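If you want the building blocks of each chain, they are given just below.
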Amino acid sequence: MHLTAEEERVLEGEAGEAESFAMKILVNLGELEGAEGFVPIRSAHISGVSYHTAGDALIKLLEELHGMGARISVPSSLNPAGMDLERWKEIGYPGDFAEKQLRIIELYRKLGIDITCSCIPYETPHRMEPISFGDHLAWGESNAVIYANSIVGARTNREGGISALAAAILGRTPDYGMHGDENRYPTLVVNILGRMDPLHFNLLGAFIGESYNSQVPYFTGIDIPVVNGDLKQLGAALAAKGGHSIFHVKDLTPEHGFIDISEREGLISERITITTEELEEAKDDLYPPPGRTPDVFVLGCPQFGISEFQRLYRAVKGRKLRKEKRMIVYTNRALREMLDPTLIPAITASGVEVYDDTCMVVSPLDRLGFSAVGTDSAKAAHYIPKMSRIPADLMPLEIMVDLAFE
Ligand code: F3S
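Quick caveat, the model's predicted, so the values are computed rather than measured. Chains are numbered independently. Their residues run from 1 in the order of the written sequence. Restriction of local features to residues with pLDDT of at least 70 applies here, the model being predicted, together with a cutoff of 80 or more for giving and counting side-chain atom pairs; totals for whole chains, interfaces and linings are based on all residues. Water and hydrogen atoms play no part in the side-chain values, which are based on all heavy atoms of the structure.

**Some points on the sheet that holds strand β13 (residues 373–375)**
Hydrogen bonds between backbone groups are what pair the strands of a sheet, and the pairing can be parallel or antiparallel. Note: two strands are recorded as paired if DSSP finds a minimum of 2 bridges between them. Elements are defined by DSSP. Helices are runs of H or I of four residues or more, strands are runs of E of two residues or more, and each kind is numbered from the N terminus. Across the sheet, which stays open at both edges, the five strands sit in the order β12-β11-β10-β13-β14 with parallel pairing between neighbours. Edge positions in the sheet fall to β12 (353–356) and β14 (392–394), since each of these pairs with one other strand and no more. Within the sheet, the average angular offset between the axes of one strand and its neighbour, ignoring direction, is 25 degrees. Pairing between strand β10 (residues 296–299) and β13: three bridges, direction parallel. Residue pairing in the sheet places Phe297 in a bridge with Gly374 of β13. Here, two residues are considered to be in contact whenever any of their heavy atoms come within 4.5 Å of each other. Think of each axis as a best-fit line through the C-alpha atoms, taken over the contacting stretch in the case of a helix, with angles from 0 to 180 degrees between the N-to-C directions. Seen against the sheet, helix α12 (residues 306–316) touches β10, β11 (326–331) and β12 and runs at an angle of roughly 160 degrees to β11. Running at roughly 150 degrees to β10, helix α16 (residues 397–404) makes contact with β10, β11 and β13 of the sheet.

**Here we look at the site of the ligand**
One heavy atom suffices: a residue is near a molecule or strand as soon as one of its heavy atoms comes within 4 Å of it. Surveying the vicinity of the ligand reveals the residues Asn79, Pro80, Cys119, Glu141, Asn143, Gly300, Cys301, Pro302, Gln303, Cys359, Val361 and Lys379. The residue makeup of the shell around the ligand, split by class, is six nonpolar, four polar and two charged. Note that Gly is not counted as nonpolar here; it falls among the polar residues with everything else outside the nonpolar set of Ala, Val, Leu, Ile, Met, Phe, Trp, Tyr, Cys and Pro and the charged set of Asp, Glu, Lys and Arg.

**Some remarks on the pattern of salt bridges**
Basic side-chain nitrogens of Lys or Arg form a salt bridge, by our definition, when they fall within 4 Å of a carboxyl oxygen of Asp or Glu. For the structure shown, the criterion picks out 32 salt bridges. Here Arg172 makes a salt bridge to Glu6, at a shortest N to O gap of 3.6 Å. One end of the pair, Arg172, is in strand β5 (residues 172–174); the other, Glu6, is in helix α1 (residues 5–12), and 166 residues separate them in sequence. Only protein chains enter the area calculation, which uses a 1.4 Å probe; residues under 20% of their type maximum are buried, those over 50% are exposed, and those in between are partly exposed. For Glu6, a relative accessible area of 41% gives the class partly exposed. Measuring nitrogen to oxygen at the nearest pair gives 2.8 Å for the salt bridge that ties Arg326 to Glu353. Taken together, the residues span a long stretch of sequence, with Arg326 in strand β11 and Glu353 in strand β12 at a distance of 27 residues. Since its relative accessible area comes to 16%, Glu353 is described here as buried.

Next comes the structure, spelled out in structure tokens:
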């Protein structure tokens, strides 16, 4: 990697121990990935926050960084934690878990990071550093990465918690991968026939993610306008199932014109057509096997935004949750500030619980006594069994409401 004289001095420790430590991490990463140099970033988004997923090793790392005098140098936000930071007792999290989680949050705060506990930093521009087309970022959290690249046209690799933190300290990131045009060009054309409903976006993302995981998909035939929640789900499923960092939608996403370059240069390796009837057939396989009925239904992966709250309100209006069921929605405090203040009270009046700062994947659902989970998110259905060892079934919101409500 080519370092400037200033970057060499940082590496040698002239700017401080923490900066040198961060530079070593990024130089190692850059050399591994074939980067020639660094690119300055507008913001960082740090994943790796939950004590449930990161454990004591994270506390140790943050304490060491704090001891070195580390501070961030660009606006930086935080992914969800393992619990609602204010209402954890009410939900039932054990005190030992809460104590460790609050220690992690405190250490991040001391580094200067904004304690947003949000995985949808792109949806709360009033609270976050806004991002625009062409901005370079160092974001962790795969759904946020794919959203920033695809829907906004900003540029970020899928950072790990440590590389995002190092980039936040230095205000730069190695220049490779999604930072250059060549890795953003479409390589697969996916033509959709039929009208997509919200779960179709999840199923489509899961299918393309699993079957075409090294391709950059370009979707045609999707009816526009689509609501933001649908694109979030498409991206989250692609990223969870296939590790994708970008997709394009004809006439909608800002870099959809890259298809012209791809066609001219012969980069398109395959063209496929998917009908909504085929996606419907996939839906039929989703329901829980006989004898397994979820006792909790979880929504908000990625965390709920405005359009998702409005849709849920329409679905539960005038209905009452069954006594033996729970329905939990995850969002964040900055998003709440953007909502009609009557909306969440109207939803919780039906028995639904709404929590901030966390989600169903990074919180220890297994410690809350649930035996089976229903969710409308392909990403959550993919990760819950791995993280909390509880079976999770993907199903449409309407079916979840029918199973959970009188
Ligand atoms: Fe967000 Fe948790 Fe899903 S961090 S994308 S809600 S796994």
